[in-house]
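# Examination of the molecular architecture
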Amino acid sequence: MNRQIAVIGGGAAGMAAAIQAAGEGAAVTIYEKNDRVGKKILSTGNGRCNFSNEAMGVAYYHGSGTALLGSVLSAFGVSETKDFFESLGMRIKDRDGYLYPASEQASTVLDLLRYELDRRQVTVHTGAAVQALSFDKDRKKFFIGRQGKEGCYDAVILCCGGKAAPNTGSDGSGFGLAERFGHRIVIPVPALAALVCKESFYKQVAGVRCDAKLTLRTAGKEAARERGELQLTDYGLSGIPAFQLCRTAAYALLEKKPVVVRVSFLPDFDEETCGAFFRKRLAAHGKDEMDVFLTGIVNNKINRLLLKLAGIRETQRAKDVPAEAFRRLQELYLGLETTVTGTNGFDRAQMCAGGVDCNEVTENLMSKKQPGLYFAGEILDIDGACGGYNLQWAWSSGTVAGRAAACGTDI
């Protein structure tokens, strides 16, 4: 008789788990609280779905699961993911290693997964929030209760997501189900979210985008460094480099540590090259007023803000600016320091850090505390960088958990 498998959560990891389990001959049922599966996929990659990345490895991930990441990614990595989606009929576009559907529509990825669920005869219950998860006296069968109904299964795969983007169904409810089986939950914090800063000057530069290098310091020590297109908002720092620093900042703030970001608006310059650049500019344009003198270096809004912070008038001629003020201006271009007071909340985060402690699961992603209980996706304490890494973790972990559950691996 085919093994009966329940997948709780019909997101990317849940659909991957269901498809792979069904491919191994299991009878699979998905329980999804939303009115449709895969809702969160539609918003990934700004609607284009950056579903993986050719530059793959453990270094792009954080959390307690880095020890098992290598084996999971080896079992089902980027090449296997490409083969899988191409087998479903999807053409793939490679943009400097960032992988997208050739249609550049996230709906393509979701539709193909839905069609495959149908082909593999996976039963899908939508609008089906799981309210209870328990087992029989021998701890060999699972019972799922929902809205007064109950199902019996040989194995359960929890793919409920974390807490990021709760409007898509990731509201943290899966953590409660895991805790019922004795699992420790690493405190969830927003990851891949904007940084909220203390200073009031951000309204002057809101909306500006620029290439910048960000260095994060916690309790006076450098903790992380990122470079990319920075987006300045009226409350602080956004864009990919800020997102990449978010989880580190969030955990430091949770520990009541001071968090400071040093923003370099001239990321290719060091102190020596910056000094040489301005000396050459002074020799050629020293008679210009500072507003004119700085035009073309970076966005004019940033130029004017840094002038103000350096205490230099826009109408002052460059050659008349005192040397100390000019040094201060150069320092600001190379490293404007800003104090981080928080991050955007889960409702505006692309990813959640924290989750089920990965030290409590096997390499096949089965619970060490309850045989037959598996995990996949964001519910585990693993989160990746921007660039398709989190979806790759969904495909990889979903596949490993789905195949293991179907075959009874580790049981």
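For the structure, see preceding data.
Residues numbered from 1 in each chain as written. Predicted model: local features only at pLDDT ≥ 70, side-chain atom pairs only at ≥ 80, totals over all residues. Heavy atoms only, no water.

## Examining the environment of R95
In this fold, R95 is placed in strand 5 (residues 92–95). It is 36 Å that separates the C-alpha atoms of R95 and A276, two residues lying 181 residues apart in sequence. Among residues more than four places away in sequence, those in contact with R95 are R48, Y100 and E104. Within the structure, the side chain of R95 is placed 2.5 Å from the side chain of E104, a separation counted as a polar contact. (Helix = DSSP H or I, 4+ residues; strand = E, 2+ residues; numbered from the N terminus. Contact = heavy atoms within 4.5 Å. Polar contact = N/O pair within 3.5 Å; in protein donor to acceptor, adjacent residues only side chain to side chain.)

## Details of the state of the cysteines
Counted by the stated rule, this structure contains 0 disulfides. With no disulfide of its own, C246 lies 9.8 Å from the sulfur of C386, the closest cysteine sulfur. With no disulfide partner, C358 has as its closest neighbouring cysteine sulfur the one in C352, 12 Å distant. When its relative accessible area of 3% is taken as the criterion, C358 is described as buried. (Disulfide = S-S within 2.5 Å. Buried < 20%, exposed > 50% of the residue type's maximum accessible area, 1.4 Å probe, protein only.)

## Points about the packing of helix 2 (residues 66–75) against helix 11 (residues 389–407)
As a packed pair, helix 2 and helix 11 sit with axes 9 Å apart at the nearest point and diverge in direction by 80 degrees. Relative to helix 11, the element helix 2 is oriented roughly perpendicular. Together, L68, L69, V72, L73 and A75 of helix 2 and Q392, W393, S396, S397, V400 and R403 of helix 11 make up the contact between the two elements. Looking at the contact of helix 2 with helix 11 residue by residue, the classes come out as 7 nonpolar, 3 polar and 1 charged. (Axes fitted to C-alpha atoms, helices over the stretch in contact; angles between N-to-C directions. Parallel < 35°, antiparallel > 145°, perpendicular 65-115°, else oblique. Nonpolar A, V, L, I, M, F, W, Y, C, P; charged D, E, K, R; others polar.)

## A word on a negative patch on the surface
Together, D270, E271, E272 and E331 make up a region of like negative charge exposed at the surface. The residue D270 is located in the loop between strand 17 (259–264) and helix 7 (271–285) in this model. (Patch = residues over 30% accessible without salt bridge, like charges linked within 9 Å, V, L, I, M, F, W, Y side chains within 5 Å. Areas by Shrake-Rupley, 256 points an atom, 1.4 Å probe, with all protein chains shown as cover. Salt bridge = Lys/Arg side-chain N within 4 Å of Asp/Glu carboxyl O. Lys, Arg positive; Asp, Glu negative; His and termini not counted. Charge placed at Lys NZ, Arg CZ, Asp CG, Glu CD.)

## What about the pairing of strand 18 (residues 336–343)?
Here 3 bridges tie strand 13 (residues 195–197) to strand 18, and the two strands are oriented antiparallel to one another. Its bridge partner being in strand 18, L195 is matched across the sheet by T343. (Pairing = 2+ DSSP bridges.)

## Some remarks on the sheet that holds strand 11 (residues 155–158)
Read across the sheet, 5 strands follow the order 7-2-1-11-20 without closing on themselves; strand pairing throughout is parallel. Of all the strands in the sheet, just strand 7 (123–126) and strand 20 (373–375) have a single pairing partner and so form its edges. Looking at each pair of strands side by side, their axes are set apart by 20 degrees on average, direction ignored. Where strand 1 (residues 4–8) lies against strand 11, 4 bridges are found, and the strand directions are parallel. The residue bridging I5 from the neighbouring strand is A155, located in strand 11.

## A few points about the sheet that holds strand 8 (residues 132–135)
Taken in spatial order, the 3 strands of this open sheet run 8-9-10, and their pairing is antiparallel. Only two strands of the sheet have a single neighbouring strand rather than two, namely strand 8 and strand 10 (149–153). The mean inter-strand angle of the sheet, taken between neighbouring strand axes irrespective of direction, is 20 degrees. Bridge count for strand 8 against strand 9 (residues 142–146) is 4 bridges, and the pairing is antiparallel. The residue bridging S134 from the neighbouring strand is F143, located in strand 9.

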